[in-house]
Amino acid sequence: VPAEADVVVFGMPWDGGDIGACGARNAPLAIRDASLQILYGVDRFSGRPLGWYDADRARPLLAGMTIGDCGDVFVDHGEPQSALHARFSDALRTVLDAKTLPVVIGGDASVCVP
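Trainee: Looking at this model, I keep getting lost on unusual backbone geometry. Mind explaining?
Mentor: It is generally the case that most residues other than glycine have a negative phi and that most peptide bonds are trans. Phi at Ala 58 takes a positive value of approximately 55 degrees, unusual for a residue other than glycine. Along the polypeptide, Ala 58 turns up in the loop between strand 3 (49-54) and strand 4 (59-61). On the accessibility criterion, Ala 58 (53% relative accessible area) is exposed. Located in the positive-phi region is Leu 62, a residue other than glycine, with phi close to 60 degrees. With respect to the helices, strands and loops of the structure, Leu 62 is situated in the loop between strand 4 and strand 5 (67-72).

This is the structure:
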C-alpha cells in the first residue's frame, strides 16, 4: 500500500530486455545515490517539504510535494520478462488506484511496457 504521498518512486533494476543496455539494472541505486547530493528541505515546525533549491532560478522546486520511495520491484534475473512485467503492473495499479503519481527510475526501455 503506498504511503500518503503525492509522488511514489519505484526502482526497476532490469536490463534483460535490451542486450545493449547491459548495466541498466544498476541505475535505481545510482540515481538514489546521486539524489543524496542535493539538499531536500523540510520545515522544522510543520514537517512539510520545502523541496529542492534551484540555484540557477533562485527558487525551490517541488515545494509542498511529498515523495515516497517504494524501493525496487523485485527482479529474479532469469525469470520470464512477462512475470516481471505482471508484478510491476500490479504495483503500478496499486499506486494509481491511490491517486498517486508513480515515477519509475532505472532499467532498460522495456520497463515502459507495464
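Trainee: It is not clear to me how the sheet that holds strand 3 should be interpreted in this structure. Could you clarify?
Mentor: Pairing between the strands of a sheet is mediated by backbone hydrogen bonds and can be parallel or antiparallel. Pairing in this open sheet of three strands is antiparallel, and the strands run 2-3-4 from one edge to the other. Edge positions in the sheet fall to strand 2 (40-42) and strand 4, since each of these pairs with one other strand and no more. Neighbour-to-neighbour, the strand axes of this sheet turn through a mean angle of 50 degrees, independent of strand direction. Pairing of strand 2 with strand 3 involves three bridges; the strand directions are antiparallel. When the bridges of strand 3 are listed, Gly 41 appears paired with Gly 51.

Trainee: I keep staring at the pairing of strand 3 and nothing clicks. Help me out?
Mentor: The side chains of a regular strand alternate between the sheet's two faces. Connecting strand 2 to the antiparallel partner strand 3 that follows it, the hairpin turn spans six residues, and Gly 47 within it adopts a positive phi of roughly 80 degrees. As paired strands, strand 3 and strand 4 are joined by three bridges and run antiparallel to one another. Within strand 4, the residue paired with Trp 52 across the bridge is Leu 61. Where strand 3 folds back onto strand 4 in an antiparallel hairpin, the turn is made up of four residues, including Ala 58, whose phi is positive at roughly 55 degrees.

Trainee: Would you take a moment to explain the nonpolar core for this structure?
Mentor: For soluble globular proteins, the rule of thumb is that nonpolar side chains tend to be buried together. Formed by Ala 5, Val 8, Phe 10, Met 12, Trp 14, Val 73, Val 75, Leu 84, Phe 88, Leu 92, Val 95 and Val 111, the largest nonpolar core amounts to twelve residues. Of all elements in the fold, only strand 1 (7-11) and helix 2 (81-97) reach the threshold of two or more residues within this core. At four residues, the largest contribution of residues to this core is made by helix 2. Apart from residues no more than four positions distant in its own chain, Val 111 is found in contact with Met 12, Trp 14, His 85, Phe 88 and Gly 106.

The rules behind these values
Residues numbered from 1 in each chain as written. Predicted model: local features only at pLDDT ≥ 70, side-chain atom pairs only at ≥ 80, totals over all residues. Heavy atoms only, no water. Helix = DSSP H or I, 4+ residues; strand = E, 2+ residues; numbered from the N terminus. Buried < 20%, exposed > 50% of the residue type's maximum accessible area, 1.4 Å probe, protein only. Pairing = 2+ DSSP bridges. Axes fitted to C-alpha atoms, helices over the stretch in contact; angles between N-to-C directions. Core = buried A, V, L, I, M, F, W, Y, C linked by side-chain atoms within 4.5 Å. Contact = heavy atoms within 4.5 Å.

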